[in-house]
Amino acid sequence: MSKILGIFTGLSFVVILLGINRGFDFSDEGLYLLLADPNQQNLGGVFNYDLFFKLFYQITGIQFGIIGLRVLRLLSYSAGAFCLVDFWRNLHQTQTVSLPVFFLCLSGLFAGYGFLPPSLSYNSLSVVAICLWLAIVSKTKLDMKDWLILGIVFCTLFYVKITVGLLLAMLTVGYFLKIKALQITEVFVLLSPFFLFEGLFYLLFQESGLTRMLSEFGFLHQREDYSLFSLIKYTAVGGFWVLMVGVPFWIASLAKKRGFQYYWLILTLGIIVLVTVFYATFITSEWSHGVLLLTFAGISWQLGSEDTSSITSRRYLFVTTLMLLPFILHFGSNVYWMRLGIHYWVFWLLALGILVQKKNPIFQFRYYTIASFTSIVLVTFGIWLSPFEGPF
């Protein structure tokens, strides 16, 4: 299995690498490039990770261009895949490094090249940050180093995509408070990276993430159209369509498990609903939302057939977390969820991978292979056949 998956994942890597110096999108990719320019002023403060590039330039004198940003994204996705393997090992309490899982994770992350330009961006950065977050919170016991890393993750998300950072931090703190694993010392360690970088940025540049947000040109003043209701609505629309597809598959699987002879009628209805939703939401040139819908249908089917008595609550908790992460990561975006969702596909691939783990090896091999091959197709279309905003 590992050999074939390695070939497929390697092909995706080659397709990305061959397109590393191909074209330039002035709209979104132009924004990413400006954020990496240490001499570019950032008054709006919507995305503040440019402060890290300014700091890096201050220390090293190195400035990243468009090729450099594309290389950084490729490297960060590789690091994210290793973090997800750690998550898998923590969840299953094993020390074994699973190559098929690594290739599955890397393929899922590479699928993000199917939409938007190939440079490092706030979307790709937030995905990699969540990979690291999963590797830490899946541990059975956290030490001070882990709390510090969690603090770095939340700090990074604050500068990259503040809505995701705040929502994830609240959910994480709530979880650890519930299991009584969070004390005042851990809270201090969690907050220390934020205070450190805010102070450092203000000392060096006379501005920080907070000062930008609170200034008269800041995010809170210029983006009044981003009300809480609007942000919830943008993400909830995607959730609505996904649930519409998933529920019939879950019911059909449940009916089959309970011996209902005509479960296939419900399954047929589910397939009709899936196709209908795909066409109803096909309002742009991208078709990758079809991949998302199919994956969620597979998760729903598998959940319906699960023997709940044999599943630990911890396993269910993280499967549910993986299912919710695409919506948490989207929160704060005004981009159509069905378009942006392919960036988060890796988390649903992992959720389904966990659910089919007890299937026979042939079934697992087919699942991993299909996922890796689908990633090649998405990458090829996203970089070569129909790149974002037209041909390069």
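Our subject is the structure that appears above.
Residues numbered from 1 in each chain as written. Predicted model: local features only at pLDDT ≥ 70, side-chain atom pairs only at ≥ 80, totals over all residues. Heavy atoms only, no water.

(A) How the structure looks around the pattern of salt bridges. Counted according to the given criterion, the structure contains eight salt bridges. Across the salt bridge formed by R89 and D86, the nearest N and O atoms sit 2.4 Å from each other. Highlighted residues: R89 and D86, both in helix α4 (residues 66–92), separated by three residues, approximately one helical turn. In this structure D86 comes out as partly exposed when scored by relative accessible area, which is 28%. One network of salt bridges, with partners in common, ties together D50, K54, E207 and R212. (Salt bridge = Lys/Arg side-chain N within 4 Å of Asp/Glu carboxyl O. Helix = DSSP H or I, 4+ residues; strand = E, 2+ residues; numbered from the N terminus. Buried < 20%, exposed > 50% of the residue type's maximum accessible area, 1.4 Å probe, protein only.)

(B) Representation of the packing of aromatic side chains. For the structure shown, the criterion picks out 35 aromatic pairs. With a centroid separation of 6.0 Å and an interplanar angle of 80°, the aromatic rings of Y32 and Y122 are classed as edge-to-face. Separated by 90 residues along the polypeptide, Y32 in helix α2 (residues 28–35) and Y122 in helix α6 (residues 122–137) bring together distant segments of the chain. Like Y32, the residue Y122 is buried in the burial classification. Over the ring of Y113 we find R73, and its NZ or CZ is 4.2 Å from the ring centre. Sitting over the face of the ring of F363, K359 holds its NZ or CZ atom 5.5 Å from the ring centroid. (Phe/Tyr/Trp six-rings, centres within 6.5 Å; stacked < 30°, edge-to-face > 60°. Lys NZ or Arg CZ within 6 Å of the ring centre and 35° of its normal.)

(C) How the structure looks around unusual backbone geometry. Positive phi outside glycine occurs at Q93, with the angle close to 50°. In this structure, Q93 sits in the loop between α4 and α5 (99–110). Of note, the phi angle at L116 is positive, near 75°, even though the residue is not glycine.

(D) Molecular detail of helix α15 (residues 313–330). The end-to-end C-alpha distance of α15 is 26 Å, a good match for the 26 Å that 18 residues give at a rise of 1.5 Å each. Residue L324 marks the point of greatest curvature in α15, where the axis turns by about 40°; the proline P326 follows within four residues. Regarding α15, the residues found buried are R315, F318, V319, T321, L322, M323, L325, P326, F327, I328, L329 and H330. Looking one or two residues beyond α15, the residue adopting positive phi is G332, at roughly 105°. (Expected span 1.5 Å × (residues − 1). Bend = angle between axes of the 7 residues up to and from the residue.)

(E) Summary view of the layout of surface pockets. Reported here for the largest pocket is a volume of approximately 540 Å³. If you go around the largest pocket, you meet 19 residues; those closest to its centre are F52, F53, L120, L125 and T156. Put simply, the parts of the chain that give the lining of the largest pocket at least two residues each are α3 (50–60), α4, α6 and α7 (144–160). (1 Å grid on protein atoms, 1.4 Å probe; cavity = no way out; pocket = protein on both sides within 12 Å on 5 of 7 lines; lining within 4 Å. Points joined across faces, edges and corners; volume = space filled by probe spheres on them.)

(F) Highlighting the state of the cysteines. For the structure on display, the rule yields zero disulfides. Here C105 is not cross-linked by a disulfide; its sulfur's nearest cysteine counterpart is in C131, at 7.6 Å. Given the relative accessible area of 0%, C105 is considered buried. (Disulfide = S-S within 2.5 Å.)

(G) Layout of the environment of F53. Along the chain, F53 turns up in helix α3. It is 6.2 Å that separates the C-alpha atoms of F53 and P38, two residues lying 15 residues apart in sequence.

(H) Fine view of the environment of L325. With respect to the helices, strands and loops of the structure, L325 is situated in helix α15. For the pair formed by L325 and G382, sequence separation is 57 residues and the distance between their alpha carbons is 23 Å. Leaving out residues up to four positions away in the same chain, L325 has contacts with I130, W133, L134 and F347. (Contact = heavy atoms within 4.5 Å.)

(I) How the structure looks around a nonpolar patch on the surface. A cluster of nonpolar side chains, contributed by F13, V14, L17, L18, F381, W384 and L385, occupies part of the molecular surface with about 620 Å² of accessible area. Elements with a minimum of two residues in the nonpolar patch: α1 (2–18) and α18 (361–385). When residues of the nonpolar patch are assigned to their parent elements, the largest contribution, four residues, is made by α1. By the secondary structure assignment, L385 is in helix α18. Residue L385 is classed as exposed on the basis of its relative accessible area, which comes to 56%. (Patch = residues over 30% accessible without salt bridge, like charges linked within 9 Å, V, L, I, M, F, W, Y side chains within 5 Å. Areas by Shrake-Rupley, 256 points an atom, 1.4 Å probe, with all protein chains shown as cover.)

(J) Layout of the packing of α7 against helix α8 (residues 162–178). Between α7 and α8, the shortest axis-to-axis distance is 6 Å and the interhelical angle comes to 150°. Accordingly, the angle class assigned to the pair α7 and α8 is roughly antiparallel. When you trace α7 past α8, the crossing you get is left-handed. Here W147, L150, F154, L157, F158 and V160 of α7 come into contact with α8, specifically with I162, V164, G165, L168, A169, T172 and F176. Here the residues of the contact of α7 with α8 are counted per class, giving 11 nonpolar, two polar and no charged. (Axes fitted to C-alpha atoms, helices over the stretch in contact; angles between N-to-C directions. Parallel < 35°, antiparallel > 145°, perpendicular 65-115°, else oblique. Left-handed = near helix turned anticlockwise from the far one by under 90°. Nonpolar A, V, L, I, M, F, W, Y, C, P; charged D, E, K, R; others polar.)

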